[in-house]
Amino acid sequence: MKIIVAIKQVPARDSQLRLNSAAKWIDEEDLTFEINEPDAYALEEALQLKEKQGAGEVIALCLGPERAGSTLREALAKGADRAIHIVCAHPETLDPLAIANLLAGAIRTESPDLVLTGLQSDDLGSGQTGVIVAELLGSSHATNIMEVLLQADAIRVKRELEDGWFQYIQMPLPAVLTIQSGLNRLRYATLMGIKKAKTKEMRIIEAETLGGQAASLDRIYPPDRQKQTQMLTGTAKEQAVQLVEKLRFEMRVL
Amino acid sequence: MILVVMEQHAGAWHKMSWETLAGGQQLGKAMGEPVAAAVLGEGIGALAAELARKALDKVYAIEHAQLALYNADGYTAALAALIGQLQPTLVLFPHTYQVRDFGPKLATRLDRLLLSDVVRVMPGPVFVRQLFQGKLNADVRPTTAAPHLVSLQAGAYRADTLVAGTAPIETITPALEASRQQPEAPFRESSRAVDLTAADLIVSVGRGIKEADNLPLVEELAKALGAELAASRPICDNGWLPMERQVGSSGQTVAPKVYLAVGISGAIQHLVGMKGAKAIVAINKDPHAPIFEVADYGLVGDLFEIVPALTEEIRKAKA
Ligand SMILES: Cc1cc2nc3c(=O)[nH]c(=O)nc-3n(C[C@H](O)[C@H](O)[C@H](O)COP(=O)(O)OP(=O)(O)OC[C@H]3O[C@@H](n4cnc5c(N)ncnc54)[C@H](O)[C@@H]3O)c2cc1C
Ligand SMILES: Nc1ncnc2c1ncn2[C@@H]1O[C@H](COP(=O)(O)O)[C@@H](O)[C@H]1O
């Protein structure tokens, strides 16, 4: 089975975000980057599916600037067989439809049985790239997946619904699944894996500029505070003393 | 026309639908557009009748045996046909897990982009969405012609502003091909051993705790306060605490007297599970963390200093 996993490189989680001078995106200088969280789970799931079958291929796919190559290398070190890097200096200027079009173009040339994406990216947070890719490819899809069971010519997947509900769905292959965090336990790259990664194929594709965009990002800005939050100040101990006062006399729970 | 696509499961409304419908009414007024609502399913006469008692210009009941259980293929085909026929200016959806599943597919089918998880609609129209899990906002403008497809975040509009009225119902039976997805009936995992919904006091821990080995720190605080321990999703994903302690859109929805969030950033999927708390206290080292957007009391600083100090002060106060 051939599996493509779409992984995105995003700013590390605790990054201090500053706007760039045009207020169109964040200033990326001084930031460190990492794999988008659910994408790490999607990659792990692909590796486990291949291992369970004892055969197949896992291809990591990423659209991003040159720096994103490091995230693909990590995927190779963890066990992906090869990687495709669609190089695009400013992916933040692309809307999800444009991103999906570029990803789908690369996926088409590989005709995979299964495409896995994360459920949502940490930065853009559109939560839709995988589903758009499915429609562009004419594949069936399911979102928010917590379990993948392979059958002869089909798959049965467990979807997470809201409020603690779940549901199984069966569908034919090829299919696109968007993976939710937590469905497996992530592995670390081994030293051997890191060494091997250097010899694995990383195909570079230059992103062609697409015709039109469906939406433009006019500006970004910090959200305005609507709530009056009482900020407690001072040392840790002073804050603790004040909070105990509040718990006692305002919230009345002590 | 503004078309609001409602969501129902087994004859019960998804409550975010009402917020979206209220949003549709308000935008209809502001834009001078008629407002219609659509509901899909099988045997949905009673739901359509309920919708018809709102101030709407039209209610579309899309009936089909293949829509009895939600499936992306069926919903996409049925709605693509309706939207193609009505040519609305704006199509509004609640940003639910179900809309996440078919909304992007439907938009792509219509040669459009779904503007997802929108928190505010401004004249233009310009749509405000959150980036970086709520740390920043973005103004997004569609550059294609109408219809614009937009899914609204929980809380973007208030359901209690809904206006009652009467509306005619049109029942439509779409032509549907067999769906590729074969859904089975939804189920809940074995009953929850921990019921956080009944708790008066909750101490909730997030990724700020860094390692499982540090959890005793918050366990001690919960014990001193007499509170239940809860967590954000990553803590449960890592297996540090059981899933049943997860608060948020895919976990439990709680409404305690006090919710003390320790090292939790305040992503919307977490907030929807706890913003009904009477009082929210947040401990976070980042003064810009979105959790402070909903907190009544904020303590900015290192949880590894504040939490032990707080545990000690609570013990003293209770002694
Ligand atoms: C469809 C979907 C469903 C989801 N369902 C849920 C759900 O049900 N529940 C849920 O919680 N999430 C859910 N999520 C995930 C959610 O989007 C966030 O990723 C998650 O809530 C983040 O958890 P966190 O706040 O613990 O971690 P982070 O976002 O990483 O935040 C950690 C916080 O700790 C602070 N911190 C770090 N170190 C310290 C320190 N020493 N002292 C003080 N503060 C510190 C940081 O400033 C930061 O604000 C869902 C996501 C999706 C897409
Ligand atoms: N630039 C990208 N490169 C590779 N995969 C991506 C990219 N953007 C989005 N994806 C995939 O699509 C998922 C959803 O992203 P989004 O629609 O932006 O929330 C991510 O978790 C990734 O798996």
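Whatever comes next refers back to the structure up there.
Residue numbers restart at each chain and count upward from 1, following the sequence in its written direction. As a convention, the first chain written is A and the first ligand written is 1, with the rest following in written order. Reporting in this predicted model follows two pLDDT cut-offs: at least 70 for local features of residues, and 80 or more for side-chain atom pairs to be given and counted; totals over whole chains, interfaces and linings ignore these cut-offs and use all residues. Calculation of side-chain values draws on the structure's entire complement of heavy atoms; hydrogens and water are dropped beforehand.

**Observations regarding the overall build of chain B**
Reasoning step 1: The helix count covers DSSP runs of H or I at least four residues long, the strand count covers runs of E at least two residues long, and both are numbered beginning at the N terminus. A count of helices and strands for chain B gives eight helices and 18 strands.
Reasoning step 2: Principal-axis analysis of the C-alpha atoms gives chain B an extent of 70 × 45 × 35 Å.
Reasoning step 3: Counting all 319 residues of chain B, 60% fall into the buried class.
Reasoning step 4: We call two residues in contact whenever any of their non-hydrogen atoms come within 4.5 Å of each other. The contacts of chain B with a sequence gap of at least 6 include a subset with a gap of at least 24, amounting to 65%.
Reasoning step 5: All accessible areas in this document rest on Shrake-Rupley with a 1.4 Å probe, and a residue is counted as covered only by the protein chains that are shown. Approximately 12,000 Å² of chain B is accessible, and the part contributed by carbon and sulfur atoms is 52%. Buried, partly exposed and exposed residues are distinguished by accessible area as a fraction of the type maximum, computed with a 1.4 Å probe on protein chains only: under 20%, between the cut-offs, and over 50%, respectively.

**Thoughts on the pattern of salt bridges**
Reasoning step 1: Salt bridge, as used here: a side-chain nitrogen of Lys or Arg that lies within 4 Å of a carboxyl oxygen of Asp or Glu. One pass over the full model with this rule turns up 36 salt bridges over all chains.
Reasoning step 2: Between E57 of chain A and R82 of chain A there is a salt bridge whose closest N-O contact spans 2.6 Å. With E57 of chain A in strand β4 (residues 57–64) and R82 of chain A in strand β5 (residues 82–87), this residue pair connects regions lying 25 residues apart in the sequence.
Reasoning step 3: On the basis of relative accessibility, which here comes to 13%, the residue R82 of chain A falls in the buried class.
Reasoning step 4: Between D73 of chain B and K105 of chain B there is a salt bridge; the shortest N-O distance is 3.5 Å. Residue D73 of chain B is found in helix α3 (residues 72–86), and its partner K105 of chain B is found in helix α4 (residues 97–109); the two are separated by 32 residues along the sequence.
Reasoning step 5: Connected via shared salt-bridge partners are K2, E57, R82, E110 and R203 of chain A.

**Focus: unusual backbone geometry**
Glycine aside, negative phi is the norm for most residues, and most peptide bonds take the trans geometry.
Reasoning step 1: Looking along the chain, the bond that leaves L173 of chain A and enters P174 of chain A is cis, with omega of -5°.
Reasoning step 2: Within the fold, P174 of chain A resides in the loop between β9 (165–172) and β10 (175–179).
Reasoning step 3: Between A146 of chain B and the following residue, P147 of chain B, the backbone shows a cis peptide bond with an omega angle of 0°.
Reasoning step 4: Even without a glycine there, the phi angle at A23 of chain A is positive, about 55°.
Reasoning step 5: Along the chain, A23 of chain A falls in the loop between β2 (9–11) and β3 (33–35).

**So, the sheet that holds strand β1 (residues 2–5) of chain B**
Reasoning step 1: Strand pairing follows a simple DSSP-based rule, namely that at least 2 bridges must link the two strands. The ten strands lie next to each other as β12(A)-β9(B)-β8(B)-β7(B)-β10(B)-β6(B)-β1(B)-β4(B)-β5(B)-β11(B), forming an open sheet whose pairing is mixed. Each end of this open sheet is capped by a strand with a single partner; those strands are β12 (215–221) of chain A together with β11 (169–172) of chain B. When the angles between neighbouring strand axes are averaged without regard to direction, this sheet yields 35°.
Reasoning step 2: In this sheet, strand β9 (residues 136–142) of chain B lies alongside β12 of chain A in antiparallel orientation, the contact comprising six bridges. By the bridge assignment for β9 of chain B, Y221 of chain A is matched with N137 of chain B. Axes here mean lines fitted to C-alpha atoms, for a helix over just the part in contact, with angles spanning 0 to 180 degrees between N-to-C directions.

**Here's the deal with the packing of aromatic side chains**
Reasoning step 1: Think of it this way: a Phe, Tyr or Trp ring, Trp meaning its six-membered ring, pairs with another when their centres are within 6.5 Å, and the plane angle makes it stacked under 30 degrees, edge-to-face over 60, tilted otherwise. The final tally for this structure, using the stated rule, is eight aromatic pairs over all chains.
Reasoning step 2: Taking the centre distance of 6.2 Å and the plane angle of 35° together, the rings of F166 of chain A and F187 of chain B count as tilted. Here F166 of chain A is found in strand β9, whereas its partner F187 of chain B is found in strand β13 (residues 187–188) on a different chain.
Reasoning step 3: For F187 of chain B, a relative accessible area of 24% translates into the label partly exposed.
Reasoning step 4: Ring plane angle 75° and centroid distance 4.8 Å describe the contact between Y70 of chain B and Y75 of chain B, whose orientation is recorded as edge-to-face.
Reasoning step 5: Accessibility expressed as a relative area gives 9% for Y70 of chain B, which makes it buried.
Reasoning step 6: Each member of the aromatic cluster is reached from another via a ring pair, and the members are Y70, Y75, F93 and F102 of chain B.

**What to know about the site of ligand 1**
Reasoning step 1: Taken together, 34 residues lie around ligand 1, and S232, V247, S265, Q269 and N284 of chain B are the ones closest in.
Reasoning step 2: Residues are classed as near a molecule or strand on a simple rule: at least one heavy atom within 4 Å of it. Near ligand 1, residues from chains A and B are present, making the site a shared one.
Reasoning step 3: Here a polar contact is recorded for every N or O atom pair within 3.5 Å, except that within protein the pair must consist of a potential hydrogen donor and a potential acceptor, and residues adjacent in sequence are included only if both atoms are side-chain atoms. Q246 of chain B has a polar side-chain atom sitting 3.1 Å from an oxygen atom of ligand 1.
Reasoning step 4: Between a nitrogen atom of ligand 1 and a main-chain N or O atom of L303 of chain B, the distance comes to 2.8 Å.
Reasoning step 5: Among the elements of the structure, α4, α6 (233–237), α7 (268–271) and α8 (303–318) of chain B are those that each provide at least two residues to the shell around ligand 1.
Reasoning step 6: Put simply, Ala, Val, Leu, Ile, Met, Phe, Trp, Tyr, Cys and Pro go in the nonpolar bin, Asp, Glu, Lys and Arg in the charged bin, and everything else, Gly too, in the polar bin. Of the residues contributing to the shell around ligand 1, the split by class is eight nonpolar, 17 polar and nine charged.

**A word on the site of ligand 2**
All names here are of chain A.
Reasoning step 1: Taken together, 19 residues surround ligand 2, and among them A6, D39, S121, G127 and T129 come closest.
Reasoning step 2: Between an oxygen atom of ligand 2 and a main-chain N or O atom of Q128, the distance comes to 2.9 Å.
Reasoning step 3: Between ligand 2 and the protein, one listed contact pairs an oxygen atom with a side-chain N or O atom of T129 at 2.6 Å.
Reasoning step 4: Of all the secondary-structure elements, those providing two or more residues to the shell around ligand 2 are β4, α3 (96–108) and β6 (114–118).

**Points about the side chain of S232 of chain B**
Reasoning step 1: Structurally, S232 of chain B is set in the loop between β15 (228–231) and α6.
Reasoning step 2: Looking at S232 of chain B, the relative accessible area reads 7%, which means it is buried.

**A look at the interface of chain B and chain A**
Reasoning step 1: If you look at the interface, chain B gives 86 residues, while chain A gives 88 residues.
Reasoning step 2: Joining two parts hides part of their accessible area as seen by a 1.4 Å probe, and the buried area is that hidden amount summed over both. The contact between chain B and chain A buries some 7,600 Å² in all, and 52% of this surface belongs to carbon and sulfur atoms.
Reasoning step 3: It is L113, F132 and Y297 of chain B in chain B that bury the most area against chain A; as a group they hold 9% of the surface buried on that side.
Reasoning step 4: A salt bridge links K158 of chain A to E189 of chain B; the shortest N-O distance between them is 3.3 Å.
Reasoning step 5: At the junction of chain B and chain A, the tally comes to 51 residue pairs in polar contact (both at pLDDT 80 or more).
Reasoning step 6: In terms of residue count, α8 of chain B provides more of the side of chain B that touches chain A than any other element does, nine residues in total.
Reasoning step 7: Where β9 of chain A lies against strand β12 (residues 182–183) of chain B, two bridges are found, and the strand directions are antiparallel. Within β12 of chain B, the position partnered with Q170 of chain A by the bridge is Q182 of chain B.

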